[in-house]
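As a plain string of letters, each chain reads:
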Amino acid sequence: WRPEADRRLLDEYGRTARIYETHGDLLFGGIESIVREISEASHGLDLVVLDVRRVGEVADVSRRLLDDLHRFVRKQGCEVPLIDPDGLLVRTADGDDVLPTFATVAAAIVWCEDWLIQRHSGRHPSEETYRFRDHPLFTRASARVVDALERSMQPHSYADGESIVAESDTDAGVFVIMGGRVRCSLTTTDGITRHLATLTPGTCFGEVYLVADAPHPLALHADGSVELFELTRDEFAKIGQADPELWAAIVATFMSAFRDDLDRTLRSLAAGRLITR
């Protein structure tokens with residue numbers, strides 16, 4: 001989940017990144033078709049990601065051809081990340097230049113999005129931070145709403161891996177991310193934890209559960225160090241008791257963010273881009 005400016009940029013340039021999933025053993029016949037396909041496609045792409053999680057045996061000739069492919073694609077101006085949790089194809093592309101390697105599709109996609117944003121905007125999204133009043137959530141809010149939230153919201157800092165919100169948490173409020181990233185996950189009925197999204201600076205979460213006074217259904221953990229502000233449920237209720245008109249304006253601000261989140265999720269589902277593994 002990213003601020004609107006980053007989402008617009010990725011809508012424009014996202015298709016210049018492509019993931020190729022490979023299956024079975026990589027013997028000479030199979031690798032030949034892969035090399036031909038990727039070599040032809042790389043002329044119009046910024047990123048070519050090779051997913052080898054479902055690969056079994058890799059012949060020596062295939063390794064040599066893949067090393068040649070990596071060098072060729074990079075000369076076209078393409079980066080060549082790998083999704084290779086078992087280290088099956090970890091190689092150096094040119095001298096000591098190690099290929100970016102990831103354990104999951106989701107991690108690779110986050111990296112690719114960061115890379116595209118940096119290339120096409122000159123910004124480093126992984127390093128971005130916001131001051132309170134510059135947060136994108138407040139773009140459409142009145143000065144009165146921003147002033148009230150700045151007085152009422154509490155700053156928090158979290159270390160890497162630290163829990164921010166537990167599943168079914170009934171006390172947590174709404175959180176506005178100023179710096180760092182937050183990992184969003186859900187535990188299935190089979191006890192498997194599924195990664196659902198990575199939330200970046202400039203986004204928020206929990207607004208609909210605050211307004212509805214409902215438990216947070218997802219778990220959220222710091223992915224690196226995180227700085228954010230929280231509007232607690234108690235503070236939200238105090239605003240409603242003291243100034244119903246201001247309370248309604250704050251609700252409208254949060255609901256505009258929720259609408260944007262819902263729109264993004266629906267567009268991702270329609271495009272088949274929702275990755276949870």
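Because the structure is a prediction, the values reported are computed rather than measured. (Residues numbered from 1 in each chain as written. Predicted model: local features only at pLDDT ≥ 70, side-chain atom pairs only at ≥ 80, totals over all residues. Heavy atoms only, no water.)

Here's the deal with the pattern of salt bridges
Moving on, step 1. In the structure shown here, the tally under the stated rule is 16 salt bridges.
Moving on, step 2. Between Arg54 and Glu21 there is a salt bridge whose closest N-O contact spans 3.9 Å. Of the two residues, Arg54 is situated in strand E2 (residues 47–58) and Glu21 in strand E1 (residues 17–26); the sequence distance between them amounts to 33 residues.
Moving on, step 3. Among the ionic pairs, Asp68 bridges to Arg71, the shortest N-O distance being 2.6 Å. (Salt bridge = Lys/Arg side-chain N within 4 Å of Asp/Glu carboxyl O. Helix = DSSP H or I, 4+ residues; strand = E, 2+ residues; numbered from the N terminus.)

Focus on the pairing of E2
Moving on, step 1. Relative to E2, E1 is paired through eight bridges, and the arrangement is parallel. Bridge pairing in E2 links Tyr20 to Leu50.
Moving on, step 2. Taken together, E1, helix H2 (residues 28–41) and E2 form a β-α-β motif whose crossover is right-handed.
Moving on, step 3. With two bridges connecting them, E2 and strand E3 (residues 82–83) associate as parallel partners. In the strand pairing of E3, Asp51 is matched with Ile83.
Moving on, step 4. Handedness of the β-α-β unit built from E2, helix H3 (residues 60–75) and E3 comes out right-handed. (Pairing = 2+ DSSP bridges. Right-handed = clockwise from strand over helix to strand, strands pointing away.)

Brief notes about helix H1 (residues 4–13)
Moving on, step 1. Residues of H1 that are buried include every one of Asp6, Arg7, Leu9 and Leu10, and no others. The buried residues of H1 occupy an angular sector of 160° when projected down its axis, which confines them to one face. (Buried < 20%, exposed > 50% of the residue type's maximum accessible area, 1.4 Å probe, protein only. Arc of directions from axis to C-beta.)

Here we look at the side chain of Thr16
Moving on, step 1. Looking at the element boundaries, Thr16 is found in the loop between H1 and E1.
Moving on, step 2. The class for Thr16 is buried, based on a relative accessible area of 18%.
Moving on, step 3. Every residue in contact with Thr16, bar those within four places of it in the chain, is listed here: Leu45, Asp46, Leu47 and Leu116. (Contact = heavy atoms within 4.5 Å.)

Looking at the sheet that holds E1
Hydrogen bonds between backbone atoms are what pair the strands of a sheet, whose relative direction is either parallel or antiparallel.
Moving on, step 1. The strand order across the open sheet formed by four strands is E1-E2-E3-E6, and the pairing between neighbours is parallel. Sheet topology places E1 and strand E6 (101–102) at the edges, where each strand pairs with a single neighbour.
Moving on, step 2. Across two bridges, E3 lies against E6 in parallel orientation. Following the sheet pairing, Ile83 is matched in E6 by Phe102.
Moving on, step 3. Sheet contacts for H2: E1 and E2; angle to E1, the most-contacted strand, approximately 170°.
Moving on, step 4. H3 rests against E1, E2 and E3 of the sheet, and its axis sits at about 175° to E2. (Axes fitted to C-alpha atoms, helices over the stretch in contact; angles between N-to-C directions.)

Description of empty space enclosed by the protein
Moving on, step 1. Considering all chains together, one arrives at one cavity of 30 Å³ or more under this definition.
Moving on, step 2. Space inside the largest cavity adds up to approximately 30 Å³.
Moving on, step 3. Around the largest cavity, the lining residues are Ile38, Val48, Leu50, Leu69, His70 and Val80. (1 Å grid on protein atoms, 1.4 Å probe; cavity = no way out; pocket = protein on both sides within 12 Å on 5 of 7 lines; lining within 4 Å. Points joined across faces, edges and corners; volume = space filled by probe spheres on them.)

Brief notes about the environment of Arg133
Moving on, step 1. Looking at the element boundaries, Arg133 is found in the loop between helix H4 (105–121) and helix H5 (143–152).
Moving on, step 2. Linking Arg133 and Glu150, residues 17 residues apart in sequence, is a C-alpha distance of 7.9 Å.
Moving on, step 3. The contacts of Arg133, once residues within four sequence positions are left out, are Phe138, Ala143, Val146, Asp147 and Glu150.
Moving on, step 4. Among the polar contacts listed, one links the side chain of Arg133 to the side chain of Asp147, at a separation of 2.8 Å. (Polar contact = N/O pair within 3.5 Å; in protein donor to acceptor, adjacent residues only side chain to side chain.)

A closer look at H4
Moving on, step 1. An ideal rise of 1.5 Å per residue puts 24 Å on 17 residues; H4 measures up with 24 Å between its terminal C-alpha atoms.
Moving on, step 2. For H4, every residue scored as buried is listed here: Val105, Ala106, Ala108, Cys112, Asp114, Trp115, Leu116 and Ile117.
Moving on, step 3. Looking one or two places after H4, you find Gly122, whose phi comes out positive at around 80°. (Expected span 1.5 Å × (residues − 1).)

Describing unusual backbone geometry
Moving on, step 1. Although it is not a glycine, Ser168 adopts a positive phi angle of roughly 70°.
Moving on, step 2. Here Ser168 shows up in the loop between strand E8 (163–165) and strand E9 (174–187).
Moving on, step 3. The phi angle at Asp213 is positive, at roughly 55°, despite the residue not being glycine.
Moving on, step 4. Within the secondary structure layout, Asp213 lies in the loop between helix H6 (207–212) and strand E12 (219–231).

Structural notes on the layout of surface pockets
Moving on, step 1. Looking at the second largest pocket, its volume works out to about 280 Å³.
Moving on, step 2. What lines the second largest pocket is a set of 17 residues, and nearest its centre among them are Glu4, Pro136, Leu137, Arg140 and Asp260.
Moving on, step 3. Taken together, the elements giving at least two residues each to the lining of the second largest pocket come down to H1 and helix H8 (244–271).
Moving on, step 4. The dominant element in the lining of the second largest pocket, judged by the number of residues it contributes, is H8, at five residues.

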